[in-house]
Amino acid sequence: MSSNLSRTTCLRLRRTFATASSHPPLSKLGATARSKAEQISSEWKGTSANGENTKNFIGGEFVESKAPQWIDVVDPATQTLLTRVPETTSEEFEQAVNAASEAYKTWSRSSILTRQRFVMDLQHQLRANGDAIANSIVLEQGKTYADAQGDLLRGLQVVETACGIPTALLGETIEVSKDMDTSTRRLPLGVCASIAPFNFPAMIPLWTIPTAIATGNTLIVKPSERDPGAAMMIAELCQRAGLPAGVLNVVHGTVPTVNAICDSPIIKAVSFVGGDRAGKHIYERGRKSGKRVQCNMGAKNHAVIMPDANKNHALNSLIGAAFGAAGQRCMAISVVVLVGTAQSWLPELVERAKKLKVNQGFEQGTDLGPVISPAAKLRITSLIASAEEQGGIIALDGRGLEVPEYPDGNWVGPTVVEATVDMRCYREEIFGPVLVVIRADTLDDALAIVNANPYGNGTAIFTQSGATARKFEREVEVGQVGINVPIPVPLPMFSWSGNKASFLGDVPFYGRGGIDFYTQNKTTTALWRAEDAVGNKASVDMPTHN
Ligand code: NAD
């Protein structure tokens, strides 16, 4: 079968046109996965892991869609159908927009302490239900249980930061002239929307939900159609935390739903995280209808290993950052630049990568799970093959890896490819457990390589020299820099700062940037002359109110 044929088949397999829910056996799931799937299906209103449909969340209700077209959500370790998400109809989308618009009238006028309390209660709910969310992520996305907990915890940190919303929204005021004050307040925008990718099903919805809502906006979330469960659970927890109906809505679907978001005259701002193609499209289409748009997109993150680095720390950091989550992180290290004598560490790097255990995410001792879909596996393995065709050396080959207990999983083992910068495997984002190795003679050569790459999400240098680190940090044209830190994702008291081709927009996600993105300033100048004051002295005259 040709690559194209099998890709088409894979894609076709993911789509169904029936609305009736079925109960396929979960027998292919391992024992742990099966019991988690059953628990999710019985305990949560909006999602399922035993083949029932996932619902939309509109106006405070979990509603079954009337869509004629549905998308299968399958466990990437077994291809078991877990749930289906609707290609939301235009009427249902309008209902969500109307619910958000109606709710905005009161939510935008709710007191700052009401909004703060909601975020605090959401924090408690998320902590209390973290297990369930992590279970859903393992089942639908495939990452390990520990990594799934990390997915939620990084989102939870945004919620916790949003608990400081009263201070974050403090305005400014000054007496600009005698008795004349100018003050600036930050006000919400209106109905906003957030479109998420598959790789962090909890963290990325939580990049936007707490900040958008705490600043007084209402929100429509469109989760990835491949792993909607975490977002549905978060929606239910928002409800349990007392969020009024319509403030948060969740609609599912693919391009038609995204286009409806971009075109809606009621939606004022769109946050997108995902790949380049969708990001560019959403930025252009959303801007055309006058929206504020922020798009976090693809990446090719380089780690530069200097010969004076702490070898053990550098190699372990590399292995974790390149292969953790099966390389499906936008901040994964996908390229290592070995400088000078550090090139001799390559065999040891390969040996350490070989020891990683690939298996289903609930299995004990698993380091990395499957990749998200057969189509993703095909793309990854064809990029490895392209390296071979273009003269690269496959130092470790993860193609053809089998996991005997899970014969149908989308397995790709850790792969290390020696390449040059003109090869496809270097130029394209692989988004799998593949580390591309590039050799450089000097720090200057390494800097030139990193800076010539179009992407600017993250980079790291490993060195024991403060001077080398300082030069690298100063000269590298990448927005997020790690010094002996492999994945320098900023905590939410800072903002995300990926740049170049990894970002479109003007205002970044979360932190100060998140507050700015979701608010607009109102500046008021008022004159109240002190000399006009009445009642400075007791008046005994009949009041006339003139
Ligand atoms: P994706 O672009 O395929 O999907 C993201 C979202 O866009 C989904 O909700 C999807 O339904 C929608 N979408 C997909 N194609 C579309 C199209 N043609 N038109 C309109 N909407 C479309 O991305 P993915 O595969 O889910 O996620 C992986 C990508 O996300 C990688 O490129 C990764 O680097 C990137 N990512 C970036 C960051 C970051 O912060 N820079 C974080 C996580 C993931």
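Residues numbered from 1 in each chain as written. Predicted model: local features only at pLDDT ≥ 70, side-chain atom pairs only at ≥ 80, totals over all residues. Heavy atoms only, no water.

Naming follows an unreviewed UniProt entry, where the chain appears as methylmalonate-semialdehyde dehydrogenase (CoA acylating) of Ceriporiopsis subvermispora. Listed in UniProt under the heading Sequence similarities (unreviewed entry), the comment for the chain reads: "Belongs to the aldehyde dehydrogenase family." (UniProt positions renumbered as here; feature names shortened; annotations may be inferred.)

**Here we look at the packing of aromatic side chains**
Evaluated as defined, the whole model comprises eight aromatic pairs. Judged by centre distance (4.9 Å) and plane angle (45 degrees), the ring pair of Trp207 and Trp496 falls under tilted. One end of the pair, Trp207, is in helix H8 (residues 203-214); the other, Trp496, is in the loop between strand S20 (481-483) and strand S21 (499-500), and 289 residues separate them in sequence. You can call Trp496 buried: its relative accessible area is 3%. (Phe/Tyr/Trp six-rings, centres within 6.5 Å; stacked < 30°, edge-to-face > 60°. Helix = DSSP H or I, 4+ residues; strand = E, 2+ residues; numbered from the N terminus. Buried < 20%, exposed > 50% of the residue type's maximum accessible area, 1.4 Å probe, protein only.)

**A few points about unusual backbone geometry**
One non-glycine residue with positive phi stands out, namely Ala326, at about 55 degrees. Mapping Ala326 onto the fold places it in the loop between helix H12 (311-323) and strand S14 (333-339). According to the relative accessible area criterion, Ala326 is buried, its value standing at 0%. Notably, Phe431 is not glycine yet its phi reads approximately 55 degrees, a positive angle.

**Section: the site of the ligand**
Neighbouring the ligand are 28 residues; Ala196, Glu225, Gly275, Met297 and Glu429 lie closest to it. Contact distances for the ligand include 3.0 Å between an oxygen atom and a side-chain N or O atom of Lys222. Between an oxygen atom of the ligand and a main-chain N or O atom of Gly274, the distance comes to 3.2 Å. Here the ligand has 840 Å² of accessible area as a free molecule, and 89% of this is covered by the chains. Of all the elements in the fold, those that place two or more residues in the shell around the ligand are H8, helix H10 (255-263), strand S11 (267-273) and helix H11 (276-288). (Near = heavy atom within 4 Å. Polar contact = N/O pair within 3.5 Å; in protein donor to acceptor, adjacent residues only side chain to side chain. Areas by Shrake-Rupley, 256 points an atom, 1.4 Å probe, with all protein chains shown as cover.)

**Observations regarding the nonpolar core**
By size, the foremost hydrophobic cluster in this structure holds 67 residues, and its most contacted members are Val304, Ile305, Leu318 and Phe323. The greatest single-element share of this core, amounting to seven residues, is contributed by H12. Among residues more than four places away in sequence, those in contact with Leu318 are Ala303, Ile305, Ile333, Val336, Leu349 and Leu435. Of all hydrophobic cores here, the second largest spans 57 residues; its members include Ile40, Cys163, Ile213 and Leu237. (Core = buried A, V, L, I, M, F, W, Y, C linked by side-chain atoms within 4.5 Å. Contact = heavy atoms within 4.5 Å.)

**Structural notes on the side chain of Thr88**
You can see Thr88 is positioned in the loop between strand S5 (81-86) and helix H3 (90-107). Given a relative accessible area of 9%, Thr88 falls into the buried group. If sequence neighbours within four positions are ignored, Thr88 has contacts with Asn56, Phe93, Val251, His252, Gly253 and Thr257.

**Things to note about the sheet that holds S14**
Pairing in this open sheet of seven strands is mixed, and the strands run S15-S16-S17-S14-S13-S19-S20 from one edge to the other. Two strands close off the open sheet at either side, each with one partner strand: strand S15 (393-396) and S20. In this sheet, adjacent strand axes meet at a mean angle of 25 degrees when their direction is disregarded. As paired elements, strand S13 (residues 301-305) and strand S19 (residues 459-462) share four bridges and run parallel to each other. (Pairing = 2+ DSSP bridges. Axes fitted to C-alpha atoms, helices over the stretch in contact; angles between N-to-C directions.)

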